[in-house]
Amino acid sequence: MEKNNGAKRDFGSFHSSNVEELIHLSESEYKSPKLDVAFDLSVFEKFEFGSSDLKKNFFYLDERFCFLNHGAFGLSFKPVLDYVHEWKCYAESQPLRFYDRQIMPLLVDLIRKFSSMIFKCKPNELALVDNCTFAFNSLISSLDLSPGDKIFIFSTTYGVYKKILKDYCIKKKAILIEEAISFPIIDEKDLMQKTLGKFKSILSEDEEDKKIRLVLIDHIPSNQPFLVPIDRISEYCKSKRSDILFVVDAAHSLGSVKNFTIDQYPNIDIMFTNCHKWFCGPKGTGFLYVKEISFRIRPSVQSHGINSGFNSEFIWSGLKDYASFLGLYASLNIWLHYFGGFDKPIEYCYSMVRQASEYLKNLWQTSFMVDPSLCSTMVCVQLPDSFVRNIIKNDDLESSFSYNDAEIVQNFFYFSHSIEVPIKYIQNSLYVRLSAHIYNKIEDYEFLGDVVMQNVE
Ligand SMILES: Cc1ncc(COP(=O)(O)O)c(C=O)c1O
C-alpha cells in the first residue's frame, strides 16, 4: 500500500490534489502513475479498414443499419468502452482509493500524454473537459465584455453557440456580427474569398472595428462541413489586432484532420475538441487548450480546485463518472500503436468520402456544397430535386423546399431502408451529409445511391 508522500494539497481533503505540482514537473522529473487496469493491445488482430471483421471487433454498430452519420455523435471504439467498463468496476471496488488517491494523478498523466504525444502544447495549457459545449460555456462565463463590444462569427457557427452568444450579447449589450458564408464553395480561391476575405473588410483602423473583441470560428462546421482555413485567418487577425481573442471550436478535428497539432496554430488563443467524435473515445471526453497567459478562463462548473490554477480548476467538477476519461488510455494506444498514427486511418476516410461523394454526384447528376478537396471526412452532396419531390409528395416545381422536407427525407431513409444519414437544408436545396470512418466501405454509399435512383420520378 502506498504511503502519503507529504505532497502539498491544493484543494479539499483529497490525498492527491497536488495537480499543479504534477503538471509543472519536467519530463525528466515526472513519473507516470501505475495503471491498476491494464489495456492489452496485443489481443487484437490486424483488420483491414472497411472490413466486416474490423467493424465487428472495433464497434458495437447494429449490422442492420447502413450507418453514414459518424459526424453526429461519433462512435466509441468497442475495446475502449470495454476498458472504461473495467475502470468503472475497479472504481466501485474501493471508491476512496480511486477518487481520493488515484483519479487526479491519472487525469494529470492523460493531460501530459495528450499534450506531448498528440497536441504538442504545454501540459499547463490543456484541460480535460466533458465536451465542447462545456468548454464553450466556460469561455462565455469567463468573458467580460462591455456594452458596444463585438463578437465575430460566421453563419456556419454551431447553432447552440449562436443562441448562447445572442443571449450573452443581449445581457451585456454587446454586438454579435454574423457574416454569411454562401455556397457552393468550388475551389481554394473561392474558399479564401468567402472566409479570410471577410476579415479584410472588417479589421480596419475604424473605431467601430476596433470593438471586435472575440472571433469564434468552427474549424469544421457541422451542417456545412469543410475545412475552414483557421491558420490563415488567425494569422491575419492577429497581424491586424493582437488583442483579439481568437477562439476555435474544433469539435470535429481530432481524428479527422491530418496533423492536427496545436503548435502549428500559434495565433489561436483558445481551442477545444471532442474525443468522442472522430477519435472514437468514450462519450463525455474532450480537451480545452488555452494558450498560456492569453486569457483567464474558469470552468462553468467550479469545485474544490477554485483559485488553485487552470488545471486544478478544470480537473474536478464534482463527483461524476471519471472512468470515461481513463478510456482515453485505450484510445491513445489504438491510434498510436494499433494504427501506427493518424495518417493511415484518416487517409482511408478521406479517400472513401471523396470516392463516395464523386460517385453519388455523378449518379444523381447533382453538385457538391463544398468541393471534397476542401473537406475532411464529411462531404455534402445535393439530392436530386425529383427524388425529394417524390418523397415529400409535392410535384409543384415552383415551390421551394424547407427544413421540414429535410426531416421527411431523413425519416424516409431511416424507416424505409435503415439508412442513417443526415439531410441538410441549405440555401433552398437538400443535401446528404456523408461521413466516412474506418468501418465504412463503398457499398454503403452505393446502397444509398440506389435507393435514391429507385425513387426518382
Ligand atoms: C461544430 C460543433 N461544435 C460543437 C459541437 C458540440 O459538441 P458536444 O455536444 O460534444 O459538446 C458539435 C456537435 O455536434 C459540433 O458539430
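Conventions and cut-offs
All residue numbers refer to positions counted from 1 along the written sequence of the respective chain. Given that this is a predicted model, residues contribute local features only at a pLDDT of at least 70 and side-chain atom pairs are listed and counted only at 80 or more, while totals for whole chains, interfaces and linings are drawn from all residues. Just so you know, side-chain values use all the structure's heavy atoms and leave hydrogens and water out. At least two bridges found by DSSP between two strands is the condition for calling them paired. By definition, any uninterrupted DSSP run of H or I lasting at least four residues is a helix, any uninterrupted run of E lasting at least two residues is a strand, and each is numbered from the N terminus. Every angle, taken between N-to-C directions, lies between 0 and 180 degrees, and every axis is a line fitted to C-alpha atoms, over only the stretch in contact when it is a helix. Put simply, a residue is near a molecule or strand once any heavy atom of it comes within 4 Å of that molecule or strand. Using the Shrake-Rupley algorithm and a 1.4 Å probe, accessible areas are obtained, with residue cover drawn only from the displayed protein chains. Following the grouping adopted for this structure description, the nonpolar residues are Ala, Val, Leu, Ile, Met, Phe, Trp, Tyr, Cys and Pro, the charged ones are Asp, Glu, Lys and Arg, and the polar ones are all others, Gly among them. Among the buried residues, those of types Ala, Val, Leu, Ile, Met, Phe, Trp, Tyr and Cys that are joined through side-chain atoms within 4.5 Å form a nonpolar core. Under the scheme applied here, a residue whose accessible area is under 20% of the maximum for its type counts as buried, over 50% as exposed, and between as partly exposed, the area being computed with a 1.4 Å probe on protein chains only. UniProt positions are given in the numbering used here, feature names are shortened, and annotations may be inferred rather than shown by experiment. Convention used here: angles under 35 degrees read as roughly parallel, angles over 145 as roughly antiparallel, angles from 65 to 115 as roughly perpendicular, and any remaining angle as oblique. We call two residues in contact when some of their heavy atoms are within 4.5 Å. Expected helix span is computed as 1.5 Å times (number of residues minus one). For this document, the term salt bridge refers to a Lys or Arg side-chain nitrogen within 4 Å of an Asp or Glu carboxyl oxygen. Segmentation into domains, and thus their bounds, comes from an automatic or database assignment. A 1.4 Å probe defines the accessible area here, and the buried area is the portion of it lost by two parts on being joined, summed over both. Contacts described as polar in this section are N or O atom pairs within 3.5 Å, which, within protein, must combine one atom able to donate a hydrogen with one able to accept it, while residues neighboring in sequence count only if both atoms come from side chains.

**A closer look at the sheet that holds strand β11 (residues 423-426)**
Then comes step 1: Strand order across the open sheet formed by 3 strands is β9-β12-β11, with antiparallel pairing between neighbours. Taken across any chain shown, the strands that pair with only one partner, and hence form the sheet edges, are β9 (378-382) and β11. Neighbouring strand axes in the sheet, compared pairwise and without regard to direction, differ in orientation by 35 degrees on average.
Then comes step 2: Relative to strand β12 (residues 429-435), β11 runs antiparallel, the two sharing 4 bridges. The residue of β12 that forms the bridge with Ile426 is Ser429.

**Focus: the site of the ligand**
Then comes step 1: By nearness alone, 15 residues border the ligand, and Thr133, Asp249, His252, His276 and Lys277 come closest of all.
Then comes step 2: Burial of the ligand by the protein amounts to 87% of the accessible area it has alone, namely 400 Å².
Then comes step 3: Across the shell around the ligand, the residue classes break down as 6 nonpolar, 6 polar and 3 charged.

**Remarks on the nonpolar core**
Then comes step 1: Phe199, Leu383 and Phe413 are the most contacted members of the largest nonpolar core, which has 136 residues in total.
Then comes step 2: Looking at this core element by element, the count peaks at 12 residues for helix α5 (residues 95-119).
Then comes step 3: Listed in part, the 29 residues of the second largest apolar core include Phe134, Leu139, Tyr161 and Leu288.

**Focus: unusual backbone geometry**
For residues besides glycine, phi is generally negative; the peptide bonds are generally trans as well.
Then comes step 1: Residue Pro184 follows Phe183 across a cis peptide bond; omega there is 5 degrees.
Then comes step 2: Following the sequence through the fold, Pro184 ends up in the loop between β4 (175-179) and α8 (188-194).

**A short note on the UniProt feature "domain: Aminotransferase class V" (unreviewed entry) in the chain**
Then comes step 1: Per the UniProt annotation, the sites labelled "domain: Aminotransferase class V" (unreviewed entry) are residues 206-299.
Then comes step 2: End-to-end, the C-alpha atoms of residues 206-299 are 34 Å apart, and along that stretch the chain is 12% helix and 23% strand.

**Thoughts on the packing of helix α4 (residues 78-93) against α5**
Then comes step 1: Packing of α4 against α5 brings their axes to within 6 Å, and their N-to-C directions diverge by 130 degrees. What the angle tells us is that α4 and α5 run oblique. Every residue of α5 that contacts α4 at Trp87, Tyr90, Ala91, Glu92 and Ser93 is listed here: Pro95, Arg97, Phe98, Gln102 and Leu106.
Then comes step 2: A class-by-class count of the residues in the contact of α4 with α5 yields 6 nonpolar, 2 polar and 2 charged.

**Focus: the sheet that holds strand β3 (residues 150-154)**
Then comes step 1: Strand order in the open sheet made by the 7 strands is β2-β8-β7-β6-β5-β3-β4, with mixed pairing throughout. Either end of the sheet is taken by a strand with one partner, and the two such strands are β2 (126-129) and β4. On average, adjacent strands in this sheet sit at an angle of 20 degrees to one another, irrespective of strand direction.

**Things to note about helix α13 (residues 343-364)**
Then comes step 1: Between its first and last C-alpha, α13 extends 31 Å over 22 residues, near the 32 Å set by a 1.5 Å rise per residue.
Then comes step 2: Three or more residues of α13 are buried, namely Pro345, Ile346, Tyr348, Cys349, Tyr350, Met352, Val353, Ala356, Ser357, Leu360 and Trp364.
Then comes step 3: Immediately downstream of α13, the backbone of Gln365 shows phi near 55 degrees, a positive value.

**As for the pattern of salt bridges**
Then comes step 1: Enumeration according to the criterion identifies 23 salt bridges in this entry.
Then comes step 2: Across the pair Lys194 and Asp190 runs a salt bridge whose closest N-O atoms are separated by 3.2 Å. Note that Lys194 and Asp190 are positioned in helix α8 at a spacing of 4 residues, about one turn of the helix.
Then comes step 3: Among the residues examined, Asp190 registers a relative accessible area of 11% and is labelled buried.

**Here's the deal with the domain arrangement of the chain**
Then comes step 1: Annotation of the chain at the domain level lists domain 1 (123-335) and domain 2 (343-454).
Then comes step 2: Between domain 1 and domain 2, the C-alpha centre-to-centre distance is 28 Å.
Then comes step 3: Between domain 1 and domain 2, the residue contacts involve 25 residues of the former and 23 residues of the latter.
Then comes step 4: Both sides of the domain 1 and domain 2 interface together cover about 2000 Å² of buried area, and 63% of this is carbon and sulfur.
Then comes step 5: Together, Pro225, Lys258 and Trp278 form the three largest contributors to the area buried by domain 1 at its contact with domain 2, with a combined 31%.
Then comes step 6: Joining domain 1 to domain 2, the criterion identifies 9 residue pairs in polar contact (both at pLDDT 80 or more).
Then comes step 7: Grouping the amino acids of the side of domain 1 that touches domain 2 by side-chain chemistry returns 14 nonpolar, 8 polar and 3 charged.

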